[in-house]
Amino acid sequence: MILNKKEVLLVLVLFVIAVVYFHTSLDKSLIHLQFKGFGKMDKSQSESHGMVMPLISRLERNTENSTLAQLVQNQTVQTGQEIKPAAQTFNPSIPPPPILETGLPFINRRIAEEVSRKVRVFCWIPSSEKFMSRLKAVNSTWVKRCDKVIFIISSPSFKSSDTIGVDIVDSRATLNDKTVFAHKLIYNNYLDKYDWFLKADDDTYVIMENLKFLLSHFDLKTPGYVGCQLRHYSPQGYLNGGAGYAYNALGIKTIVEQGYNIPGRCRLHQGAEDIENGYCANKAGVKTFDQLDVNGKQTFLSASVYENVVGPLPQWTHSNLMAHAVLGLNCCSPLVVSFHHADEKLMLAMEYLLYRVVIHGRVQMPEKTAGIFSGKEALEIPKGFPRRAYPGEVIGDYYKGKEEWRKSNVTAHDATKRQNIKEHRRAREEARRRRIDKLARGRNSK
């Protein structure tokens, strides 16, 4: 069939109309294009799709709608129309919310940021120059979400804006010295600036959002601290240092004024850091807050995520933990706060899985977590519970005349007495090893 000139012209006009209509429709359907961090458009693309980028910019600022679809349903967009951000009021007394993650504009962080503004956490980490690789991993991961951080390093010459070098020998035996130093530093300089003060090791990983949510349940008018509770050495035991523990401001004030400042009440040098810290806190009248959720699951973990999920757990956990240690996928609270024994590689892997991975279609329901923590003091350790007394004391002191116990000065730090205690423990350990060897020989003879 041969078309005349008029028919050819009509076909061309219809073709041009179809192309224009298709191009306009394509512009309106390209909202899914170009999330921040997922690639870049070249100049020609950005010119032909000028309406896409203002919409995406609005999406990144939006904290009320968690999906792009919800945002689009509430907007009528014309090609080339600029969408202006909503007016925001500026309050200089409220610090800007921290950036919890980058490159994920479709994450709704509103609730986490609300809690973060209300609960101010000061973090301090003891370490040394020989563990700089650990400090780099800590500094590039969870500690970014603290409101303030100080690293306390065993090197007087090592100083920076967030590092304090101290003339304390780098040793596990001097961690107690660093803890006393840190608490006095906080007492003299930061007590009225933050609500809570977290101590964590340089191989501890902390999920700050969960920590702040847990801390928001406790009364700031009661001197207290919270962490992984162990059962020995004082009426309420002590908190494991590796899992980290957090004092409220009144707790720091109390341990300094009613503990450190009273001669003989607390040990200020050497000794096991977490034991001495817990013993002193109990002596000073600092309350132990409950770290367990409503299902009795732990939030502060004294072992790594691998040890808790896959195993084996360190042998000492079963005879020291106040809570029942559970191995496997149900090991811990869904709002877990911390894991110990996190080396640099594990720390970075956890940071990626927690803050760079999103599971499509899964949305947390905040109303379901409202009653997950009691916000109360930890339960008193029951009589008859297997536990050990502090050197020079007896378990009975913890259940009768506790006020008298609290006010009594420490007498167990006499050098001769401590040497006798060490020799007794050494003899007991040697006897245990002989029993194990004897049992092994008996099995082998069979």
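Residues numbered from 1 in each chain as written. Predicted model: local features only at pLDDT ≥ 70, side-chain atom pairs only at ≥ 80, totals over all residues. Heavy atoms only, no water.

Each helix and strand counted, the protein chain has 15 helices and 12 strands in total. Burial statistics for the protein chain: of 446 residues in total, 43% are counted as buried. If you take every contact in the protein chain between residues at least 6 apart in sequence, the share linking residues at least 24 apart comes to 73%. Accessible surface, the protein chain: about 25300 Å² in total, of which carbon and sulfur atoms supply 56%. (Helix = DSSP H or I, 4+ residues; strand = E, 2+ residues; numbered from the N terminus. Buried < 20%, exposed > 50% of the residue type's maximum accessible area, 1.4 Å probe, protein only. Contact = heavy atoms within 4.5 Å. Areas by Shrake-Rupley, 256 points an atom, 1.4 Å probe, with all protein chains shown as cover.)

So, about the confidence of the model for the protein chain. Of the residues in the protein chain, 72% reach a pLDDT of 70 or more, and the chain-wide mean stands at 77. In this model residues 22–100 is a low-confidence stretch, pLDDT under 50, and it forms 72 contacts with partners more than four residues away in sequence or in other chains. (pLDDT = per-residue confidence, 0-100.)

On the surface, Tyr 352, Leu 353, Val 357 and Ile 359 cluster together into a nonpolar patch covering about 400 Å² of accessible area. Mapping Tyr 352 onto the fold places it in helix H13 (residues 344–355). Residue classification places Tyr 352 among the partly exposed positions, given a relative accessible area of 49%. (Patch = residues over 30% accessible without salt bridge, like charges linked within 9 Å, V, L, I, M, F, W, Y side chains within 5 Å. Salt bridge = Lys/Arg side-chain N within 4 Å of Asp/Glu carboxyl O.)

Before going further, it helps to examine the pairing of strand S2 (residues 148–153). Summarising burial for S2: 5 of the 6 residues are buried, a large majority. Pairing of strand S1 (residues 121–127) with S2, which is carried by 6 bridges, proceeds in the parallel orientation. Across the sheet, Phe 122 pairs through a bridge with Lys 148, a residue of S2. In this region the chain leaves S1, passes through helix H6 (residues 132–139) and returns to the parallel neighbour S2; the handedness of that crossover is right-handed. Two strands pair when backbone bridges link them, and S2 and strand S3 (residues 163–165) are joined in this way by 3 bridges, in the parallel orientation. Within the sheet, the bridge partner assigned to Ile 153 lies in S3 and is Gly 165. (Pairing = 2+ DSSP bridges. Right-handed = clockwise from strand over helix to strand, strands pointing away.)

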